[in-house]
Protein chains: 2
Amino acid sequence: MDKIIVDAMGGDNAPQAIVEGAISALNSDKNAYIILAGIQSEIEKVLATLSYDKSRLEIFDCPDVIGMNDSPTEALKRKQSSLIAAYWRLKKEDDICALVTAGSTGATIVGGQLILGRIRGIKRPALCPAIPNSRGQVTLLCDCGANAECKPVMLCQFAVLASAYAKVGFNIKNPKVGLLSNGTEEHKGDPLHQETYKYLSKMEGINFAGNIEGRDIMLSECDVVVSDGFSGNIALKSMEGCGKLVLGVMKKEFSATLSSKIGYLFMRKAIKKMRAQLDFEKFGGALLLGLKKVVVKSHGSSKSSTIAASIANALSIYRGGLVPAVENRLEGVDWNSLIPESENGAVEG
Amino acid sequence: MDKIIVDAMGGDNAPQAIVEGAISALNSDKNAYIILAGIQSEIEKVLATLSYDKSRLEIFDCPDVIGMNDSPTEALKRKQSSLIAAYWRLKKEDDICALVTAGSTGATIVGGQLILGRIRGIKRPALCPAIPNSRGQVTLLCDCGANAECKPVMLCQFAVLASAYAKVGFNIKNPKVGLLSNGTEEHKGDPLHQETYKYLSKMEGINFAGNIEGRDIMLSECDVVVSDGFSGNIALKSMEGCGKLVLGVMKKEFSATLSSKIGYLFMRKAIKKMRAQLDFEKFGGALLLGLKKVVVKSHGSSKSSTIAASIANALSIYRGGLVPAVENRLEGVDWNSLIPESENGAVEG
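Treat the numbers as computed from the prediction; the structure is a model and nothing was measured.

Rules and cut-offs
Residues numbered from 1 in each chain as written. Chains lettered and ligands numbered in written order. Predicted model: local features only at pLDDT ≥ 70, side-chain atom pairs only at ≥ 80, totals over all residues. Heavy atoms only, no water. Pairing = 2+ DSSP bridges. Helix = DSSP H or I, 4+ residues; strand = E, 2+ residues; numbered from the N terminus. Axes fitted to C-alpha atoms, helices over the stretch in contact; angles between N-to-C directions. Contact = heavy atoms within 4.5 Å. Buried area = accessible area lost by both parts, 1.4 Å probe. Salt bridge = Lys/Arg side-chain N within 4 Å of Asp/Glu carboxyl O. Polar contact = N/O pair within 3.5 Å; in protein donor to acceptor, adjacent residues only side chain to side chain. Phe/Tyr/Trp six-rings, centres within 6.5 Å; stacked < 30°, edge-to-face > 60°. Buried < 20%, exposed > 50% of the residue type's maximum accessible area, 1.4 Å probe, protein only. Lys NZ or Arg CZ within 6 Å of the ring centre and 35° of its normal. Least-squares fit on C-alpha atoms with pLDDT ≥ 70 in both. Arc of directions from axis to C-beta. Right-handed = clockwise from strand over helix to strand, strands pointing away. Parallel < 35°, antiparallel > 145°, perpendicular 65-115°, else oblique. Nonpolar A, V, L, I, M, F, W, Y, C, P; charged D, E, K, R; others polar.

Caption draft 1: Main features of the sheet that holds strand E2 (residues 32-38) of chain B. Residues and elements named next belong to chain B. If you walk across this open sheet you meet the 7 strands as E3-E2-E1-E4-E12-E11-E5, and the pairing is mixed. Because the sheet does not close on itself, it has two edges, and the strands there are strand E3 (57-61) and strand E5 (126-128). Each strand of the sheet is rotated relative to its neighbour by a mean of 25 degrees, with strand direction disregarded. Bridge analysis of strand E4 (residues 96-101) against strand E12 (residues 294-297) gives 4 bridges, and the strand direction is parallel. Note that in E12 the partner of Thr101 across the bridge is Lys297.

Have a look at this one:
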């Protein structure tokens with residue numbers, strides 16, 4: 001039985017969507033055991049409407065809730081809140097393998113770093129979503145917002161982490177890694193990216209394909225795109241915004257005239273397939289890579305289907321052995337010989 | 001008569017698409033006079049197939065062509081190349097009002113800075129495309145790649161330049177300005193963006209709306225989005241990539257089955273309208289703002305319709321008085337009192 005803890009109070013649609021998503025995941029995975037962390041009475045209210053195997057579900061009563069306006073460090077002190085209490089159990093109990101939350105991104109990152117802890121050798125955890133691409137597969141974009149400021153060593157580690165995720169999560173044998181920049185030529189970008197290019201070119205075990213541009217995240221052959229968290233976040237959200245605009249315009253135009261309404265009837269299946277291929281949340285949320293256990297951060301606006309996908313993905317990543325794979329990969333790596341000491345620390349903060 | 005010079009040899013489809021686009025613009029604007037800079041014999045070959053008012057067209061024979069692999073500084077020395085020769089005429093001849101090129105971005109920027117020259121007080125020129133948004137209007141994203149490294153004063157000036165473009169080009173009285181960051185809260189971003197936020201908040205004549213995220217470029221109420229050239233380039237290309245993927249998937253799915261093919265017949269108009277609303281090149285290329293005259297940089301892959309749109313937009317911006325408007329706006333602005341000296345220089349380079 002694989003035990004996973006879910007923050008039932010995080011996100012805009014909590015606890016309703018979270019509990020529903022968790023039960024959906026529980027029902028489709030007979031080896032899953034789910035702990036729902038949150039206000040017991042509220043969770044029970046939602047559970048009463050659902051049918052599931054009660055022997056594989058546990059409620060972990062956490063009377064406190066982190067507010068939208070609480071700072072991450074403030075949130076960390078709220079030990080009876082669902083997210084923070086879940087992190088503490090995840091850290092202490094060996095048999096809990098993963099955490100899923102749709103709560104505050106800041107609190108998730110800070111809790112991951114300060115409660116759960118990083119894999120030995122990793123400077124900073126990084127957010128890594130799976131983005132649909134033109135090959136009908138996914139591109140892993142790492143980092144997407146955990147680190148607004150980066151040093152070259154961090155970007156090199158993001159390449160290691162996301163390559164391991166590509167192997168374990170998507171069965172890609174030798175993932176192709178691109179560095180997100182403002183042009184494909186080697187000299188492009190600011191000093192951070194120019195330096196990182198040099199180190200990535202030399203790194204053993206990284207299938208480095210050079211610089212790529214924003215459009216290549218969805219259109220190129222790269223399985224992994226390495227980015228600082230500032231521009232990675234902007235890239236991800238720019239693509240999401242464009243996707244949302246397209247779907248909005250489509251909805252409007254496709255119901256604007258009688259002719260297009262008739263056309264829609266014939267096209268329903270094609271449009272459904274198209275929407276599925278462009279779904280940014282097919283695999284749930286972003287992995288928070290680099291921590292001692294699997295943590296998935298889902299979108300604050302996640303619906304139950306996204307939560308179910310996040311739980312399924314977290315379990316699959318755990319079963320694939322992501323954390324041990326990264327630990328093995330890092331064993332014996334001498335970052336100081338690869339990258340000069342001045343470039344070798346995480347950013348202060 | 002408004003004289004404009006067009007680089008007939010720049011871009012993947014030159015000179016064919018450029019000459020065709022120029023003639024299309026010439027035919028629809030009776031007050032336009034176009035100088036086609038490039039290899040005379042090649043231009044004449046294309047012109048022979050077209051009909052137009054010969055009294056408003058001039059060929060400027062430039063026997064040299066800048067290669068795709070020439071560095072910008074190398075390109076600058078090629079004085080007989082169409083782009084560089086066009087820049088020299090633009091600088092020297094008062095009655096030439098604008099330049100349009102689909103050639104090398106680097107050479108266009110360097111030529112603009114070193115041959116044509118910047119508006120007094122402006123530290124760096126910036127690339128500014130008009131991006132379709134959910135309001136059915138455009139968002140001006142500035143800078144999109146001219147400056148991979150920025151200082152706060154540059155971002156503040158991009159706000160001034162793009163606000164003037166919004167007024168002159170799109171008749172927006174009090175353009176709303178957002179700062180592109182990895183979150184909407186004031187403290188988000190790296191030190192560059194945190195500092196810029198403070199200065200933009202204090203700037204008179206800038207309608208500053210605070211930080212915005214990548215998705216807000218296409219979905220928010222902002223008319224202008226200010227960005228460093230590195231993340232602005234990534235945002236633009238990420239949106240382009242997503243748009244291209246969507247159209248590709250649509251094309252495939254909409255012709256995959258008999259049912260969807262029938263549906264397409266009913267939906268043709270709706271799909272055409274949708275494509276038009278999502279067209280990134282409706283207004284041609286990006287303006288290279290901050291120079292002493294109007295310069296438009298079109299996509300290297302521009303078709304004739306994009307070139308025609310770029311020429312029309314350049315003439316409209318010239319007639320709207322963009323450069324004098326910026327000069328007036330900057331007169332008497334004391335950047336040193338607004339921004340401490342340490343933050344007040346352009347980046348070395």
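Caption draft 2: Focus on the interface of chain A and chain B. Of the residues lining the interface, 54 residues belong to chain A; the matching set on chain B comes to 54 residues. Summing both sides of the interface, chain A and chain B together bury roughly 4600 Å²; the carbon and sulfur share of this comes to 74%. Linking chain A to chain B there are 6 salt bridges. Measuring nitrogen to oxygen at the nearest pair gives 2.9 Å for the salt bridge that ties Glu240(A) to Arg215(B). On the surface where chain A and chain B come into contact, there are 9 residue pairs in polar contact (both at pLDDT 80 or more). Put simply, the parts of the chain that give the side of chain A that touches chain B at least two residues each are helix H7 (191-202), helix H8 (216-219), helix H9 (229-253) and helix H10 (258-277) of chain A.

Caption draft 3: View of the packing of aromatic side chains. Under the criterion given, the structure shown has 8 aromatic pairs over all chains. With 6.1 Å between their ring centres and 0 degrees between their planes, Phe266(A) and Phe266(B) make a pair best called stacked. Of this pair, Phe266(A) sits in helix H10 while Phe266(B) is found in helix H10 (residues 258-277), placing the two residues in two different chains. Here Tyr165(B) and Phe170(B) contribute two aromatic rings whose centre-to-centre distance is 5.5 Å and whose plane-to-plane angle is 50 degrees, an arrangement assigned as tilted. What makes Tyr165(B) buried here is its relative accessible area of 0%. By relative accessible area, Phe170(B) is classed as buried at 18%. Ring pairs connect the aromatic residues Tyr165(A), Phe170(A) and Phe283(A), which therefore count as one cluster. Against the face of Tyr52(A) rests Lys54(A), its NZ or CZ located 4.8 Å from the ring centre. The aromatic ring of Tyr33(B) is capped on one face by Lys3(B), whose charged end is 5.2 Å from the ring centroid.

Caption draft 4: View of the environment of Asn13(A). All names here are of chain A. Here Asn13 lies in the loop between strand E1 (2-7) and helix H1 (16-28). When its relative accessible area of 31% is taken as the criterion, Asn13 is described as partly exposed. In this structure the C-alpha to C-alpha distance between Asn13 and Leu219, which are 206 residues apart in sequence, comes to 33 Å. If sequence neighbours within four positions are ignored, Asn13 has contacts with Ile18, Gly300, Ser301, Ser302 and Lys303. A distance of 3.2 Å separates the side chain of Asn13 from the backbone oxygen of Ser301, its partner in a polar contact. A distance of 2.9 Å separates a polar side-chain atom of Asn13 from the backbone oxygen of Ser302.

Caption draft 5: Quick look at unusual backbone geometry. Of the consecutive residues Ala14(A) and Pro15(A), the connecting peptide bond is found in the cis state with omega at -5 degrees. Within the secondary structure layout, Pro15(A) lies in the loop between E1 and H1. Despite not being glycine, Asn171(B) has its phi angle at roughly 60 degrees, a positive value. Structurally, Asn171(B) is set in the loop between helix H6 (152-170) and strand E8 (176-180).

Caption draft 6: Region of interest: the relation of the copies chain A and chain B. Laying chain A over chain B is done by rotating through 180 degrees and shifting 0.0 Å along the axis; what remains is an RMSD of 0.0 Å. With respect to symmetry, the two chain copies, as superposed, fit the operation of a two-fold axis. The C-alpha atom lying nearest the rotation axis in chain A is that of Gly263(A); the distance is 2.0 Å. An overlap of 100% is found between the interface residues of chain A and their copies at the interface of chain B, pointing to a shared contact surface.

Caption draft 7: Region of the structure containing helix H2 (residues 40-47) of chain B. All names here are of chain B. If you check which residues of H2 are buried, you get Ile43, Val46 and Leu47. What you see down the axis of H2 is that its buried residues fit within an arc of 100 degrees, all on one side. Lining the buried residues of H2 we find helix H1 (16-28), E2 and E3.

Caption draft 8: Main features of the pairing of strand E3 (residues 57-61) of chain A. Residues and elements named next belong to chain A. With 5 bridges connecting them, strand E2 (residues 32-38) and E3 associate as parallel partners. Paired with Gly38 across the bridge in E3 is Asp61. Assessed by its sense of winding, the connection that carries the chain from E2 through helix H2 (residues 40-47) to E3 is right-handed.

Caption draft 9: Representation of the pattern of salt bridges in the model. Inspection of the entire model under this criterion finds 32 salt bridges over all chains. Across the pair Lys77(A) and Glu74(A) runs a salt bridge, and its minimum N-O distance is 3.8 Å. In this pair, Lys77(A) and Glu74(A) both sit in helix H3 (residues 72-77), 3 residues apart, roughly one turn of the helix. One salt bridge connects Glu93(B) with Arg89(B), and the closest N-O pair in it is separated by 2.9 Å.

Caption draft 10: Looking closely at the packing of helix H6 (residues 152-170) of chain A against helix H11 (residues 304-320) of chain A. All names here are of chain A. Where H6 contacts H11, the axes come no closer than 8 Å and their chain directions differ by 100 degrees. Between H6 and H11, the crossing angle belongs to the class labelled roughly perpendicular. On H11, the residues touching Tyr165, Val168 and Gly169 of H6 are Asn313, Ile317 and Gly320. Looking at the contact of H6 with H11 residue by residue, the class counts come to 3 nonpolar, 3 polar and no charged.

Caption draft 11: Region of the structure containing the sheet that holds strand E7 (residues 138-142) of chain A. Residue and element names in this part refer to chain A. The strand order across the open sheet formed by 5 strands is E6-E7-E10-E8-E9, and the pairing between neighbours is mixed. Only two strands of the sheet have a single neighbouring strand rather than two, namely strand E6 (130-132) and strand E9 (207-212). Adjacent strand axes in the sheet meet at a mean angle of 30 degrees when their direction is disregarded. When E7 meets strand E10 (residues 224-226), the two strands line up parallel, connected through 3 bridges. Bridging from a neighbouring strand, Leu141 pairs with Val225 of E10. Each of E6, E7 and strand E8 (176-180) is contacted by H9, which is oriented at about 145 degrees to E7, the strand it contacts most.

Don't take any of this as a statement about function, it's just geometry.
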